[in-house]
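# Chains, contacts and geometry: an overview
Chain by chain, the residues run as shown.
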Amino acid sequence: MASKWNLIVDVERCDNCRVCFLAVKDEYIGNDFPGCSAAQPAQGHNWLDIRRKERGAYPLVEARFLPVMCNHCDDAPCMKAARGDAVRKRPDGIVIIDPGKSKGQKQIVDACPYGAVCWNDDQQIPQAWPFDAHLLDAGWSRTRAEQACPAHAYRTIKVEDEEMQRIRAEQGLEVLRPELGTRPRIYYKNLHLVTKCFVGGTVVKQANSVEECAAGVEVLLKQAGREVGRATTDTFGEFKIDRLEPNSRGYQLEAAASSGRCSIEFDLGEDSRYLGVLTLAAA
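The structure reproduced in this document is the subject of the present report.

Thresholds, definitions, all that
Residues numbered from 1 in each chain as written. Predicted model: local features only at pLDDT ≥ 70, side-chain atom pairs only at ≥ 80, totals over all residues. Heavy atoms only, no water. Phe/Tyr/Trp six-rings, centres within 6.5 Å; stacked < 30°, edge-to-face > 60°. Lys NZ or Arg CZ within 6 Å of the ring centre and 35° of its normal. Pairing = 2+ DSSP bridges. Helix = DSSP H or I, 4+ residues; strand = E, 2+ residues; numbered from the N terminus. Axes fitted to C-alpha atoms, helices over the stretch in contact; angles between N-to-C directions. Buried < 20%, exposed > 50% of the residue type's maximum accessible area, 1.4 Å probe, protein only. Salt bridge = Lys/Arg side-chain N within 4 Å of Asp/Glu carboxyl O. Contact = heavy atoms within 4.5 Å.

A few words on the packing of aromatic side chains. Scanning the entire structure with this criterion turns up four aromatic pairs. Measuring from centroid to centroid gives 5.8 Å for Tyr-28 and Phe-33, while their planes differ by 85°, and the two rings are edge-to-face. Among the aromatic residues, ring-to-ring pairing joins Tyr-28, Phe-33 and Trp-47 into one connected group. Geometry around Phe-21 places Arg-18 over its ring, the cationic atom sitting 5.2 Å from the centre. Here the basic side chain of Lys-240 rests over the ring of Phe-198, its NZ or CZ set 5.0 Å away from the ring centre.

Quick look at the structure:
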């Protein structure tokens, strides 16, 4: 079985410095790579883009950043939409949009459900990030994005599919929009930071008629009687439980310590929630 290229992106490590974004532009703007890609236009194309996702509400808000690019799908919709062999899948897993054969085929842009294919008005061709195929063919082992990233958010890896699926399971990797069944070769670590919800709050206790932050309190979250998360409050009495499904209902949260306990029931909408200040009451 042949080894194929994959890219692992760690969402937690991306801090939106955009060095990868600039590295891709530096590589392709004004540069033609026959058999791989025509030059990227100076404006209008972001073959590797960084999307921002905010979660939560005051005073518990966080921003995360999601690098997105052509997914080099094994069941690529762009290939199905293309006429002739304008889009081809290489034996090493890389999808190439042929700059010559794809001329005039704007339907290739529309076919991509990830919005990763751009239209070049001047040349009348569809274009996408070609996984730096010309560099890998020349002996490189890392894409420009990985080489440039100071946060080590990327990992370029060439392995057999069976080994990649083992790595995926071991590291909890996910792909974008798995329900599409396109079988992407771009895998994400910590994708829950942009796709799931969290709940958080502040636990306090009564001490000499005043409220104090309650550190070290165990917080248990259940849904329909089943545990779905737990946390321990920090020095400031704060906690956060992540990886919850948006628009999910029927949660019961309980905080318990030697000084007392408290509980709250709630539902989740599209976004994460701050549950407010929770006061421990003596049992």
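For sheets, the rule is that strands pair by backbone hydrogen bonds, running either parallel or antiparallel. Across the sheet, which stays open at both edges, the four strands sit in the order β13-β12-β15-β16 with antiparallel pairing between neighbours. Looking at strand neighbours, the two that pair on one side only are β13 (226–232) and β16 (260–266), the edges of this open sheet. Direction aside, the axes of adjacent strands within the sheet are offset by 15° on average. Across six bridges, strand β12 (residues 218–223) lies against β13 in antiparallel orientation. Residue Leu-221 lies in a different strand from β13, and its bridge partner there is Gly-229.

This part covers unusual backbone geometry. Peptide bonds are, in most cases, trans, and in most cases residues other than glycine have a negative phi. A cis amide bond links Tyr-58 with the next residue in sequence, Pro-59, at an omega value of 5°. In this structure, Asn-247 takes a positive phi of about 55° despite not being glycine. With respect to the helices and strands, Asn-247 occurs in the loop between β14 (238–244) and β15 (251–257). When its relative accessible area of 46% is taken as the criterion, Asn-247 is described as partly exposed.

Let's shift gears to the pattern of salt bridges. Summed over all chains, the structure comprises 26 salt bridges. The salt bridge partner of Arg-144 is Glu-27, with a shortest N-O separation of 2.5 Å. Here Glu-27 lies in helix α1 (residues 19–28) and Arg-144 lies in helix α5 (residues 144–148), a separation of 117 residues in the sequence. Glu-62 serves as the salt-bridge partner of Arg-55, at 2.5 Å between the closest nitrogen and oxygen. The same class applies to Arg-55 as to Glu-62, namely buried. When salt bridges with common partners are traced through the structure, they connect Lys-4, Asp-74, Lys-89, Asp-161, Arg-183 and Arg-185 into a single cluster.

We now examine the environment of Phe-236. By secondary structure assignment, the location of Phe-236 is in the loop between β13 and β14. The spatial distance from the C-alpha of Phe-236 to the C-alpha of Ala-215 is 6.4 Å, given a sequence separation of 21 residues. Not counting chain neighbours up to four residues away, the residues in contact with Phe-236 comprise Thr-202 and Cys-213.

Moving on, we get to the sheet that holds strand β9 (residues 186–189). In spatial order, the strands read β8-β1-β9; together these three strands make up an open sheet with mixed pairing. Sheet topology places β8 (154–159) and β9 at the edges, where each strand pairs with a single neighbour. Ignoring which end each strand starts from, the neighbouring axes of this sheet average 25° apart. With four bridges joining them, strand β1 (residues 4–10) and β9 adopt parallel strand pairing. Looking at the pairing, Ile-8 lines up with Tyr-187 of β9.

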